[in-house]
Amino acid sequence: MRKLEGLEISTEKRSSQALLLLRLAFQSLGVVYGDLGTSPLYVFYNTFPRGINDSEDVIGALSLIIYSLTLIPLLKYVFIVCKANDNGQGGTFALYSLLCRHAEVRTIPNQHRTDEELTTYSRSTFHEQSFAAKTKRWLERYAFRRSALLILVLVGTCMLIGDGILTPAISVLSASGGIKVNQPKLSNDVVIVVAVVILVGLFSMQHYGTDKVSWLFAPIVLLWFLLIGGIGLFNIWKYDTRVLKAFSPVYIYRYFRRGGRDSWTSLGGIMLSITGTEALFADLSHFPVSAVQLAFTALVFPCLLLAYSGQAAYLMQNKEHVFDAFYRSIPDRIYWPVFIVATAAAVVASQATISATFSIIKQALALGCFPRVKVVHTSKKFLGQIYIPDINWILMILCICVTAGFKNQSQIGNAYGTAVVIVMLVTTLLMILIMLMVWRCHWILVLLFTGLSLVVECTYFSAVLFKIDQGGWVPLVIAAAFLVIMYVWHYGTLKRYEFEMHSKVSMAWIVGLGPSLGLVRVPGIGLVYTELARGVPRIFSHFITNLPAIHSVVVFVCVKYLPVYTVPEEERFLVKRIGPKNFHMFRCVARYGYKDLHKKDEDFEKKLFDNLFLFVRLETMMEGCSDSDEYSLYGQQTERSREGLVNDNGNTTSSFADPTISSIDSIVQIKSPAHANFTGMSSGQTSSQAWVDQTEFLIKCRDAGVVHIMGNTVVRASRDSRFYKKIAVDYIYAFLRKICRENSVIFNVPHESLLNVGQIFYV
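The name an unreviewed UniProt entry gives the protein is Potassium transporter, with Salix udensis as the organism. According to UniProt, the comment filed for the protein under the heading Sequence similarities (unreviewed entry) is "Belongs to the HAK/KUP transporter (TC 2.A.72.3) family."

1. Some points on the overall build of the protein
In terms of regular secondary structure, the protein is built from 29 helices and 9 strands. Put simply, the protein has 763 residues, and 56% of those count as buried. Here the protein displays about 32400 Å² of accessible surface, and carbon together with sulfur accounts for 60% of that area.

2. Comments concerning the pairing of strand β5 (residues 573–578)
With 6 of 6 residues buried, β5 lies mostly within the body of the structure. Judged by which residues are buried, β5 turns out to be covered on both faces: F573, V575 and R577 on one side and L574, K576 and I578 on the other are all buried. Linking β5 back to strand β6 (residues 585–592) in an antiparallel pair, the connection comprises 6 residues, with G579 at a positive phi of about 80°.

3. A word on the side chain of T275
Relative to the assigned elements, T275 resides in the loop between α13 (267–270) and α14 (277–282). Overall, the relative accessible area of 0% leaves T275 in the buried class. Engagement of the side chain of T275 in a polar contact is seen with the backbone oxygen of L272, the distance being 2.7 Å.

4. Digging into the nonpolar core
Formed by 163 residues in total, the largest nonpolar core has its most connected members in Y33, F225, Y327 and F370. The leading source of residues in this core is helix α19 (residues 409–438), at 19 residues. If near-sequence neighbours (up to four positions away) are discounted, Y33 is found in contact with S28, V78, F225, L280, V292, A295, F296 and V300. Core analysis: the next-biggest nonpolar cluster, separate from the first, contains 31 residues, A94, V553, V557 and V616 among them.

5. Observations regarding the packing of helix α21 (residues 473–502) against helix α28 (residues 723–739)
Helix-helix packing: each pair is described by the crossing angle between the helix axes and the interaxial distance. Relative to each other, α21 and α28 sit at 95°, their axes nearing to 10 Å. Classified by the angle between their axes, α21 and α28 sit roughly perpendicular to one another. Here V484, I485, V488, W489, Y491, G492, T493 and R496 of α21 come into contact with α28, specifically with K725, A728, V729, I732, Y733, L736 and R737. In terms of residue class, the contact of α21 with α28 is made up of 10 nonpolar, 2 polar and 3 charged.

6. Looking at the environment of F586
Topologically, F586 is positioned in strand β6. According to the relative accessible area criterion, F586 is buried, its value standing at 2%. On a C-alpha basis, the gap between F586 and K576 in space is 5.7 Å, while along the polypeptide they are 10 residues apart. The contact partners of F586, leaving out residues within four places of it in the chain, are V553, V554, V555, F556, K576, R577, I578, L612, F615, V616 and L698.

7. Regarding a nonpolar patch on the surface
A contiguous nonpolar surface patch, about 470 Å² in accessible area, is contributed by F131, W443, I444 and L447. Among the elements that take part in the nonpolar patch, helix α20 (residues 443–465) stands out by supplying 3 residues, more than any other. Here W443 is to be found in helix α20.

8. Description of the packing of helix α17 (residues 335–366) against helix α18 (residues 389–406)
Close contact between α17 and α18 brings their axes to 11 Å; oriented N to C, the two are set at 130°. Classed by the angle they form, the pair α17 and α18 counts as oblique. Note that α17 runs across α18; the crossing there is right-handed. Along its contact with α17, which presents T357, F358 and I361, the element α18 presents I391, N392 and L395. In the contact of α17 with α18, the residues fall into 4 nonpolar, 2 polar and no charged.

Criteria and thresholds
Residues numbered from 1 in each chain as written. Predicted model: local features only at pLDDT ≥ 70, side-chain atom pairs only at ≥ 80, totals over all residues. Heavy atoms only, no water. UniProt positions renumbered as here; feature names shortened; annotations may be inferred. Helix = DSSP H or I, 4+ residues; strand = E, 2+ residues; numbered from the N terminus. Buried < 20%, exposed > 50% of the residue type's maximum accessible area, 1.4 Å probe, protein only. Areas by Shrake-Rupley, 256 points an atom, 1.4 Å probe, with all protein chains shown as cover. Pairing = 2+ DSSP bridges. Polar contact = N/O pair within 3.5 Å; in protein donor to acceptor, adjacent residues only side chain to side chain. Core = buried A, V, L, I, M, F, W, Y, C linked by side-chain atoms within 4.5 Å. Contact = heavy atoms within 4.5 Å. Axes fitted to C-alpha atoms, helices over the stretch in contact; angles between N-to-C directions. Parallel < 35°, antiparallel > 145°, perpendicular 65-115°, else oblique. Nonpolar A, V, L, I, M, F, W, Y, C, P; charged D, E, K, R; others polar. Patch = residues over 30% accessible without salt bridge, like charges linked within 9 Å, V, L, I, M, F, W, Y side chains within 5 Å. Salt bridge = Lys/Arg side-chain N within 4 Å of Asp/Glu carboxyl O. Left-handed = near helix turned anticlockwise from the far one by under 90°.

So, in structure tokens, the structure goes:
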């Protein structure tokens, strides 16, 4: 009986897991596959922009589409690349974050050893003599290799931003083109006006978010796939079953042999059948890989094959209708319902790409590669649903310019293909490093993956090069503009960090000033914001040498982003004491992942003080501890620091008397006191009283007023710099600094509590 009951429970568990997987696969349709699903609207038109000369060309083109869908979306992305997600997060920066955790390739070296103790900071270890270790050392050896890796990631990111402009343009314009098919008397300008109106409405609704309507996305896309699959099956039966011969790759060879260069350049149109594949990875979000794989193999892939085969069957009998093959192949009775669903599917596909663009810009912003812009959470339930107003309007203007400027799908398709193939090439190059260092695959498997991917993608890339003058230049110009912005901003950020690192104040100098720091200590708390997670920033010395007073309590606040998707709330803050206790100086490091967002309220300041009070309490309690296990738990984290500088309970060692000390590098993660059982308290009452006294002192200082001290560092190019460096630093970076959001706005600092400390340095 017990065996039967256990069998029933396990069967119920498996069935519930299967139902959950099916539900997630269904939900992934609306987020992940909208862009890929709308490709049948425009593929054949872009493949044969001059018309079809031979019916056999249709079979050859269909064969290329079938094997492109099989090799790139199915094998490469769904079954390989999607497994390289960063805790469910996809996209170029997710791959870069994985690499940053496995090798020291970040150009801004602001990580601390305690960052690696985060629960979300997962990484694999490997033997020093392994191929992965050799690859790691090769990558870390020279700075230009790290810079080249960053530029590669930025190129992929900029091309994805280009996708965010071109996908809405071509999807909505192609869907709107159905009006003209049913009403031939309408001019092309009417179609463009309808497309522009839809695009303006789409971008104008972004600030509301998709939380309230996202439940509609999956049913719309599901209905769309069922419709195009059903229509395709009907057209194969009605028009020509010979198109099924396209499953033989022989027709690819015949297609190229017959058409020569024209067949080769037509690959730029055929490549549009796999557009949306990179967005598939970027929009992976929190869907499990198994759900994405199930949705693609069970529904998306077969429906796309049927849709393209059905259009090919129709074109075998109606070659003159290639310019609007999709709408011409729809049975008359269901024409308008399909048109409505097509328009809705185009909007869903555009929404998914716009959301992916917002997400990747947020990631770039977190890693110091994009100017500070306003980021708004549009959902309380889902962390990834964000809205960036400035980027939204820029995308809308560029999208309308592309739609109204080109006026036809062919040139937009050429532009779209260029952007997509470059993103795929970037992903392939990053995946080589992922497979070597993260997955530790055998080099033969890496070579096989690289060879197959590059053969297909370089073939497509060579084809789109022929169409650069026919619209393919658009994503290159857009990407170049964004690349200049992102790289110059990152360069300026890096130089500012290096300046702070090299000019930080000697701890011996601070200790030599005495508890009063050579000034009058006035009631209140001064929060000094700095990019340094270690050491005392130069702005502090600049401040105390130019002003006669300083606050009773000084807290150095460092907000930094780590190469992880999120940092749990309970692990966010690291607190330590700087100098002896009577100096009343602390450091607080707030850590965020690239998906985390500062909330626009007093929550940050409140949590900062809560963690500061908790640190003081733990510090005081530990002073009364004997050498118990709990005490050792905190001591282990900074064993290397304790020997010469300061121990983790805040007590200064004899090293403080040594004037040669330049800095103190010991940061303690604040843990909940509920997890510690403090025993062996020799003087519990004394420690408790000391904690109360210190807490009352901190509360009294906080009530007296909190002042936020921020450095306003101006970067200038030195006189002997080359002209391009002067343009980049003195004009582009200075302009970006002027128009981007101030740190005080991001941290929601009241103007009456803000004190800016200016300084200029030359690079």
